[in-house]
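# Close look at the chain arrangement
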Amino acid sequence: MSSDMRMPTVSQISARFSREDELRCDIAALSAHAALLAAFVLLCHHVISPALFMLVGLGAYVRNFNALHEASHARRSPWNPLRRIHMAVMIVHTPFQLGYRELARNHRLHHAFPRDLDHDPDASLNSGQWYTAAPYASVQPELSAWQYLRRTGAGGLDKGLRRVLAYNCAMTAALIALSGADYLWWIAVTRVGSTAVWFIFDWILHHPRIYPLPSLRPLPRVVRWLWAVMFSRANLNAASYHALHHAYPSVADNELPALARLLAAQAHDDGLDRATT
């Protein structure tokens, strides 16, 4: 993009396009978590099949993940009762995983230093080849916790994180006690969901041939429809316009298509201006 193009500044974009609301994001994440737990209860009581649980559970998992991601960029709500119970908002994959606060800090570093091996907490996943990224993605909950503690030292294991880890252990024990062998299906859906979102958003969308693009090639209409139904339109937009999201993280995911059109129109107008001068 040429430096003499009169593109809107970040502050102008932020003023023009709406930002997500923190409370709305937390409600969406909590609703998706509740839906996953409800589906798991139905599975354990043999009301739904494992295949249906995996389908519903994967959709709920990705919606929870996307809502928490949006919350990390959202406008802070003056009064948000869910902020104090983010542990209940997040889905527990394993006892050894970070809480929302720590993951939000990691994500802000990722935005500030994308693919920087020294500063981006996700660089081990997004800077290598697919055959190294895929194993990293499969253990990302544990890997990110280990890397966070290695980076922050003893100070990282503060009261807040200790409380999160205790909650994770208690939640894991409760799920195992209540479900028995069916707990394997909980592991399956959360591990498949986690691996998929980290591999797609941290490796595929940060590939050198994809990351600079304002938007991906238009996906087939049926794929876009299925993606929006399963994972939400916001998640589809975050994938389709990931480079724009990095450039303007305060813009809500659902506003990204309008932002892309504005920037394309501005680039077109600037091109015409240069052609006539």
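Whatever comes next refers back to the structure up there.
Each residue is numbered by its place in its chain's sequence as written, counting from 1. Reporting of local features is limited, given that this is a predicted model, to residues whose pLDDT is at least 70; pairs of side-chain atoms are given and counted only at 80 or more, and all residues count toward the totals for whole chains, interfaces and linings. The basis for the side-chain values is all heavy atoms of the structure; hydrogens and waters are excluded.

### Things to note about the side chain of Asn106
Using the following cut-off: Helical segments are the DSSP runs of H or I of at least four residues, strand segments are the runs of E of at least two, and each set is numbered from the N terminus. We call a residue buried when its accessible area falls under 20% of the maximum for its residue type, exposed when it is over 50%, and partly exposed in between, using a 1.4 Å probe and counting protein chains only. Contacts are assigned to residue pairs that have any heavy atoms within 4.5 Å of one another.
For Asn106, the location among the structural elements is in helix α5 (residues 100-112). When its relative accessible area of 4% is taken as the criterion, Asn106 is described as buried. Those residues in contact with Asn106 that sit more than four places away from it in its chain are Leu98, Pro121, Ser144, Tyr148 and Arg151.

### A look at the nonpolar core
The condition that has to hold: Throughout, nonpolar core names a set of buried Ala, Val, Leu, Ile, Met, Phe, Trp, Tyr and Cys residues whose side chains join them through atoms within 4.5 Å.
Membership of the largest hydrophobic core comes to 31 residues, with the highest contact counts inside it found for Leu36, Phe40, Phe53, Leu125, Leu175 and Trp186. Secondary structure elements with two or more residues in this core: α2 (22-44), α3 (50-72), α7 (130-138), α9 (159-179), α10 (183-203), α11 (221-231) and α12 (233-240). Among the elements that make up this core, the one with the highest residue count is α10 (eight residues). Residues in contact with Phe53, not counting those within four places in the same chain, are Leu36, Ala39, Phe40, Leu43, Ile48, Leu58, Trp185, Trp186 and Val189. Residues Phe17, Leu256, Leu262 and Leu263 belong to the second largest nonpolar core, which totals 11 residues.

### Focus on the packing of aromatic side chains
Convention followed: The rule is short: rings of Phe, Tyr and Trp, with Trp giving its six-membered ring, pair when the centres are within 6.5 Å, and they are stacked under 30 degrees, edge-to-face over 60, tilted in between.
Taken as a whole and judged by the stated rule, the model has six aromatic pairs. Between Phe65 and Trp198 the ring centres are 5.6 Å apart and the planes differ by 85°, which places this aromatic pair in the edge-to-face class. Of this pair, Phe65 sits in helix α3 while Trp198 sits in helix α10, and the two are 133 residues apart along the sequence. Its relative accessible area of 22% is what places Phe65 among the partly exposed residues. Judged by centre distance (5.4 Å) and plane angle (15°), the ring pair of Phe199 and Trp203 falls under stacked. Of this pair, Phe199 and Trp203 both sit in helix α10, four residues apart, which is roughly one turn of the helix. You'll find Phe199 and Trp203 in the same group, each marked buried. Among the aromatic residues, ring-to-ring pairing joins Phe40, Phe53 and Trp186 into one connected group.

### Topic: the pattern of salt bridges
Pairing is possible between side chains that carry opposite charge, provided their charged atoms lie close to one another. Our working rule: A pair is scored as a salt bridge if a Lys or Arg side-chain nitrogen falls within 4 Å of a carboxyl oxygen belonging to Asp or Glu.
This structure, assessed with the given rule, holds seven salt bridges. Salt-bridge contacts for Glu102 lead to Arg101; the nearest nitrogen and oxygen are separated by 2.6 Å. Given a relative accessible area of 1%, Glu102 falls into the buried group. Owing to a relative accessible area of 32%, Arg101 belongs among the partly exposed residues under this scheme. Across the pair Arg191 and Glu142 runs a salt bridge, and its minimum N-O distance is 2.9 Å. Separated by 49 residues along the polypeptide, Arg191 in helix α10 and Glu142 in helix α8 (residues 140-152) bring together distant segments of the chain. For Arg191, a relative accessible area of 22% corresponds to the partly exposed category.

### Quick word on a nonpolar patch on the surface
Using the following cut-off: Residues forming no salt bridge and having over 30% relative accessible area are the ones grouped into patches, like charges within 9 Å of each other and nonpolar side chains (Val, Leu, Ile, Met, Phe, Trp, Tyr) within 5 Å. All accessibility values rest on the Shrake-Rupley procedure with a 1.4 Å probe; residue burial counts only the protein chains present in the view.
Nonpolar side chains collect at one region of the surface, where Val222, Val223, Trp225, Leu226 and Val229 lie side by side and expose about 480 Å² of accessible area between them. Here Val229 shows up in helix α11. Accessibility expressed as a relative area gives 48% for Val229, which makes it partly exposed.

### Concerning the environment of Val56
Mapped onto the elements, Val56 comes out in helix α3. Judged by its relative accessible area of 40%, Val56 falls in the partly exposed class. Considering only alpha carbons, one finds Val56 and Ala39, 17 residues apart in sequence, at a separation of 7.3 Å.

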